[in-house]
Amino acid sequence: MAEEQKKRQLKQHIFLIGFMGTGKSTVSRKLRDLLQVREIDMDQMIVSEAGMSIPAMFEKFGESCFREKETQMLRILSARTPALISCGGGTVLRPENVAIMKSCGQIVLLTAEPETVFQRVRYGKNRPVLNGHMNVAYIAQLMEQRRAAYESACDVRVSTDDKTPAAIAQEILELIRKKGV
């Protein structure tokens, strides 16, 4: 508890969004350390609460059920003390989720080229949206389908290609400080 009390208080939530493999979870940990704030990984919270992996949820209940869990989680988190929140790649696909995030925080979009995403996720087994489609062409197509949702949701945009997580976190820190978060 003493460590939790040392954490700095944010004025509002900071939501990290972006396609899978853009570095949300990794950058979130670096940014947490820079800001000395509470960090929440929404996917991990959902997995913990459901008692099963995301691929298992997709298989057993379908993607729409998982997306509803994301919305429920955002409702809960929006009412809590502001924190740094790493969102799942599809969270912004529901306008309701974007409205919740905008009502209580700043939204930072992490981007990467399809080739970069492929290099980062190609050996992962926790990407149900890519099952059977683990290739650059499919990733590029899916990224393009989601691009408008990501761009219209974000307040700040940061490319993660060819940068270290520490450099990306520092860039985000500078951008959000300008916004007074």
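Residues numbered from 1 in each chain as written. Predicted model: local features only at pLDDT ≥ 70, side-chain atom pairs only at ≥ 80, totals over all residues. Heavy atoms only, no water.

Draft legend 1. A look at the pairing of strand β4 (residues 105-111). Among the seven residues in β4, seven count as buried, and that is most of the element. Summarising the sheet, strand β1 (residues 13-17) and β4 pair through five bridges and their orientation is parallel. Bridging from a neighbouring strand, Phe-15 pairs with Ile-107 of β4. Pairing geometry for β4 and strand β5 (residues 156-159), over four bridges, is parallel. Opposite Leu-109, over in β5, you have Arg-157 as the bridge partner. (Buried < 20%, exposed > 50% of the residue type's maximum accessible area, 1.4 Å probe, protein only. Helix = DSSP H or I, 4+ residues; strand = E, 2+ residues; numbered from the N terminus. Pairing = 2+ DSSP bridges.)

Draft legend 2. Broad picture of the sheet that holds β4. With respect to topology, five strands assemble into an open sheet ordered β2-β3-β1-β4-β5, the strand pairing being parallel. Of all strands in the sheet, those with a lone pairing partner are β2 (39-41) and β5, marking the two edges. On average, each strand axis in the sheet is tilted by 20° relative to the strand beside it, whichever way the strands run. Here helix α9 (residues 165-179) sits on the sheet and contacts β1, β4 and β5; the angle it forms with β5, its principal contact strand, is near 165°. (Axes fitted to C-alpha atoms, helices over the stretch in contact; angles between N-to-C directions. Contact = heavy atoms within 4.5 Å.)

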